[in-house]
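So you can see what is in the structure, the chains are spelled out below.
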Amino acid sequence: MSDIASRTSNDPLADRVTHPAYPRSGQYDARWTVDNQMGPNALWLLEWLAPALGLDTLRPCARVLDLGCGRAMTSVFLAREFHAQVTAADLWVAPDDNARRVTEAGFADRVLPVRAEAHALPFAEGSFDAIVSIDAYQYFGTDDLYLPTLTRLLKPGGRVGVVVPALREEPAGDRPPEHLRPWWEPDFWCFHSAGWWRRHWTRSGAVEVEAADWQPDGWRDWLRWCEVVAEESPEEFHRTMARRVGEMVRADEGRVLGFVRVVGRRT
């Protein structure tokens, strides 16, 4: 593989983004991860999801759908770390752009970028051994009818696993927590608790839920990454967003905001 996805030694930025809980992610070039981020650190979140999803137990060249892959960092990670054959699906990022990144990383033979809308996925039933979605599923997966449609793409017994920004507990009433009101956006109502996600997936009848849990101290990782992006991103939009989100996460200190992972096996 090219050096775009290998750690550069004696790099102060690498020291800032190296995390003891995510040793695999720490081997990737820090500048590459910062330049291609689109939110929370997707490699950290995927590495947290991996054991619950059983990615290490996948057969070589297993077919994995990376749904809402963004700039395909997670797709490269899946190909490199778990020897998967990855379909990198995203609506917002052009396939040509992702194909260039994937080629530069040395995985053009294992990662296929496609443009796809989550409600109109152009794949046959039973196409995938696993489906992964990092910091994207909350945008479309709260629909009661969505999961049964998605899991038709899995082989029988295949797993779907997601990590989403989340709430520690479901809020009472129809107003955001008082201390978060200065930053709260209507989009944040798609954030839910681990219990909400477990019930949502269980009621669908599409999967047996194997995990639905809150990430301990996930807010600290979120804040740490926001601080790095606010200083180091080459894009003003991402620097501005990271500063704003960082302010919110810092004010919250884990009382409400964090991450949840959910894993289900197709029944």
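About the criteria used
Residues numbered from 1 in each chain as written. Predicted model: local features only at pLDDT ≥ 70, side-chain atom pairs only at ≥ 80, totals over all residues. Heavy atoms only, no water. Pairing = 2+ DSSP bridges. Helix = DSSP H or I, 4+ residues; strand = E, 2+ residues; numbered from the N terminus. Axes fitted to C-alpha atoms, helices over the stretch in contact; angles between N-to-C directions. Core = buried A, V, L, I, M, F, W, Y, C linked by side-chain atoms within 4.5 Å. Buried < 20%, exposed > 50% of the residue type's maximum accessible area, 1.4 Å probe, protein only. Contact = heavy atoms within 4.5 Å. Parallel < 35°, antiparallel > 145°, perpendicular 65-115°, else oblique. Left-handed = near helix turned anticlockwise from the far one by under 90°. Nonpolar A, V, L, I, M, F, W, Y, C, P; charged D, E, K, R; others polar. 1 Å grid on protein atoms, 1.4 Å probe; cavity = no way out; pocket = protein on both sides within 12 Å on 5 of 7 lines; lining within 4 Å. Points joined across faces, edges and corners; volume = space filled by probe spheres on them. Expected span 1.5 Å × (residues − 1).

**Q** Help me out: how do you make sense of the sheet that holds strand 5 (residues 154-167) in this one?
**A** In any sheet, the strands associate via hydrogen bonds between backbone groups, in a parallel or an antiparallel arrangement. Read across the open sheet, the seven strands follow the order 3-2-1-4-5-7-6; overall the sheet is mixed. Edge positions in the sheet fall to strand 3 (111-115) and strand 6 (207-214), since each has one partner strand and no second. Neighbour-to-neighbour, the strand axes of this sheet turn through a mean angle of 15°, independent of strand direction. Both strand 4 (residues 128-134) and strand 5 contribute to a ladder of six bridges, which runs parallel. Its bridge partner being in strand 5, Val 132 is matched across the sheet by Gly 161.

**Q** Where do I start with the nonpolar core in this structure?
**A** One broad trend across soluble globular proteins is that nonpolar side chains are buried collectively. Ranked by size, the top nonpolar core spans 62 residues in total, and within it Leu 46, Leu 49, Leu 78, Val 132, Ile 134 and Leu 257 carry the most contacts. Broken down by element, this core gets its largest block of residues, nine residues, from helix 3 (residues 42-53). Those residues within four positions of Ile 134 in sequence are excluded, and the remaining contacts are Ala 42, Leu 45, Leu 46, Leu 49, Leu 67, Gly 68, Thr 74 and Val 163. Membership of the second largest hydrophobic core comes to 33 residues, among which are Leu 153, Ala 194, Trp 196 and Val 262.

**Q** Could you clarify how one ought to interpret the packing of helix 8 (residues 218-232) against helix 9 (residues 236-252) in this entry?
**A** Helix-helix packing is described using two parameters, namely the angle between the two axes and the distance between the axes. The geometry of helix 8 relative to helix 9 is characterised by a closest axis approach of 8 Å and an angle of 150° between their N-to-C directions. With respect to each other, helix 8 and helix 9 are oriented roughly antiparallel. For helix 8 against helix 9, the interelement crossing comes out left-handed. Residue-level contacts link Trp 219, Trp 222, Leu 223, Cys 226, Glu 227, Val 229 and Ala 230 of helix 8 to His 238, Arg 239, Ala 242, Arg 243, Val 245, Gly 246, Val 249 and Arg 250 of helix 9. In terms of residue class, the contact of helix 8 with helix 9 is made up of nine nonpolar, two polar and four charged.

**Q** Whenever I open this one, helix 4 (residues 73-82) confuses me. Can you help?
**A** Residues separated by three or four positions in an α-helix point in the same direction, a consequence of the helix having 3.6 residues per turn. Burial analysis of helix 4 places nine of its 10 residues in the buried class, which makes it a mostly covered element. Buried within helix 4 we find Met 73, Thr 74, Ser 75, Val 76, Phe 77, Leu 78, Ala 79, Glu 81 and Phe 82. Of the residues flanking the end of helix 4, it is His 83, one or two places downstream, whose phi is positive at about 55°.

**Q** How do you make sense of the environment of Val 93 when you look at a structure like this?
**A** Structurally, Val 93 is set in the loop between strand 2 (85-90) and helix 5 (95-105). Overall, Val 93 belongs to the buried group, its relative accessible area being 9%. The spatial distance from the C-alpha of Val 93 to the C-alpha of Arg 203 is 32 Å, given a sequence separation of 110 residues. Residues within four places of Val 93 in sequence aside, it is in contact with Met 38, Gly 70, Arg 71, Asn 98, Arg 101 and Arg 115.

**Q** Whenever I open this one, empty space enclosed by the protein confuses me. Can you help?
**A** Over the atoms, a rolling probe the size of a water molecule traces out where space has been left empty. Tallied over the full model, the rule gives two cavities of 30 Å³ or more. Val 17, Thr 18, Ser 25, Gly 26, Tyr 28, Thr 33, Asn 41, Leu 43 and Trp 44 together form the lining of the largest cavity. Looking at the lining of the largest cavity residue by residue, the classes come out as four nonpolar, five polar and no charged. Taken as a whole, the second largest cavity holds about 50 Å³ of empty space. Lining the second largest cavity are Tyr 22, Pro 40, Asn 41, Trp 44, Leu 45, Gln 215, Gly 218, Asp 221, Trp 222, Trp 225 and Phe 259. Of all elements in the fold, only helix 3 and helix 8 reach the threshold of two or more residues within the lining of the second largest cavity. For the lining of the second largest cavity, the element with the highest residue contribution is helix 8, accounting for four residues.

**Q** How should I be thinking about unusual backbone geometry in this particular structure?
**A** Most peptide bonds take the trans form, and the phi angle of most residues other than glycine is negative. Backbone geometry at His 83 places phi at a positive 55°, although glycine is not the residue there. Here His 83 is to be found in the loop between helix 4 and strand 2. The exposure class assigned to His 83 is partly exposed, which follows from its relative accessible area of 46%. Look at Asp 135: it is not a glycine, yet its phi comes out positive at around 55°. Along the chain, the position of Asp 135 falls in the loop between strand 4 and helix 6 (146-151). On the basis of relative accessibility, which here comes to 18%, the residue Asp 135 falls in the buried class.

**Q** What is the right way to look at helix 8 in this model?
**A** The end-to-end C-alpha distance of helix 8 is 21 Å, a good match for the 21 Å that 15 residues give at a rise of 1.5 Å each. Residues Gly 218, Trp 219, Asp 221, Trp 222, Leu 223, Trp 225, Cys 226, Val 228, Val 229 and Ala 230 constitute the buried set of helix 8. Tucked inside the fold, the buried residues of helix 8 contact helix 1 (12-17), helix 2 (30-35), helix 3, strand 5, helix 9 and strand 7 (257-266).

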